[in-house]
Amino acid sequence: MKPTYFTIAFLGLLAIILQPVSAGTVPTIAIELRSETTANYETNLEIPRISHLGNRDIQNKINAVFSTDIIDFAQNLTTEAAEYAQDVAVQGWELRPYQILTQVQTNQITTEFISISVLYYQYTGGAHGFTEKRSYNFNLQTGKEIKLADLFPEGTDYQTLINQEIQEQLVKREGLEFVPITEDQPFYLKEGQLVVYY
């Protein structure tokens, strides 16, 4: 199923997180590349590394989240690929090597927050591969992950506001069915706007 994206732009909506509170240096994102090819699998991993953040503890904490998620993803699939290779050998089937890759998309970086997405792709021997998009939104002052509720003044019924905007956008798109957002709805921030996706 093709992902569906909705860009939400409410005046003042993102004021809490998007208003600059310091004139610090905007951190940068570098991409660490890790590749490996065996008879059972091929990995091509992009791992984001934030740098030039004033607080090294927060920088290390955020980088650890990226590394852990991506390395765990790859390790789980390489272990599965080894088991698959054994099964294929026993059955006498043709081995189709797994493909495991991640690709980083930088959505927005400011002195206050970072919003990036990582595409996690896996091909496990079937007809087609599978891609999952995971977005990472961090407050760079605290190191905490930004949740949808954090983008709104306390007590705001943000789910209703977002759902209303999605329903308005659906009127303009044919063939899409409305599905209400959840508390842990995937999202990212880009050019000062909130993007939710399914």
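For clarity, every value in this text was computed on a predicted model and none was experimentally measured.

**Remarks on helix α2 (residues 56–91)**
Relative to the 52 Å expected for 36 residues at 1.5 Å per residue, α2 spans 52 Å between its end C-alpha atoms, a close match to the ideal helical length. Capping the start of α2 is the job of one residue whose side-chain oxygen sits 3.0 Å from the backbone nitrogen of D57: N55. Downstream of α2 by a residue or two, G92 has a phi angle that is positive, lying close to 80°.

**Some words on the side chain of T43**
Of note, T43 is situated in strand β3 (residues 41–51). Relative accessible area serves as the criterion here: at 5%, T43 is assigned to the buried category. Here T43 is in contact with R34, S35, E36, T78 and I100, once residues within four sequence places are set aside.

**What about unusual backbone geometry?**
Leave glycine aside and you will find that most residues have negative phi; peptide bonds, for their part, are mostly trans. With phi around 65°, H52 is a residue other than glycine that occupies positive phi space. One non-glycine residue, E191, lies in the positive phi region at around 50°.

**A word on the packing of aromatic side chains**
Two aromatic rings are characterised by how far apart their centres lie and by the angle between their planes. The final tally for this structure, using the stated rule, is six aromatic pairs. Ring centres of F73 and Y120 lie 4.9 Å apart, and the angle between their planes is 80°; this geometry places the pair in the edge-to-face category. Taken together, the residues span a long stretch of sequence, with F73 in helix α2 and Y120 in strand β5 (residues 113–123) at a distance of 47 residues. The residues F73 and Y120 share a single accessibility class, namely buried. Here F152 and Y158 contribute two aromatic rings whose centre-to-centre distance is 5.5 Å and whose plane-to-plane angle is 25°, an arrangement assigned as stacked. In this structure, F152 and Y158 share a single accessibility class: buried. Of note, K133 hangs over the ring of Y197, and the distance from its end group to the ring centre comes to 5.5 Å.

What counts, and at which threshold
Residues numbered from 1 in each chain as written. Predicted model: local features only at pLDDT ≥ 70, side-chain atom pairs only at ≥ 80, totals over all residues. Heavy atoms only, no water. Helix = DSSP H or I, 4+ residues; strand = E, 2+ residues; numbered from the N terminus. Expected span 1.5 Å × (residues − 1). Polar contact = N/O pair within 3.5 Å; in protein donor to acceptor, adjacent residues only side chain to side chain. Buried < 20%, exposed > 50% of the residue type's maximum accessible area, 1.4 Å probe, protein only. Contact = heavy atoms within 4.5 Å. Phe/Tyr/Trp six-rings, centres within 6.5 Å; stacked < 30°, edge-to-face > 60°. Lys NZ or Arg CZ within 6 Å of the ring centre and 35° of its normal.

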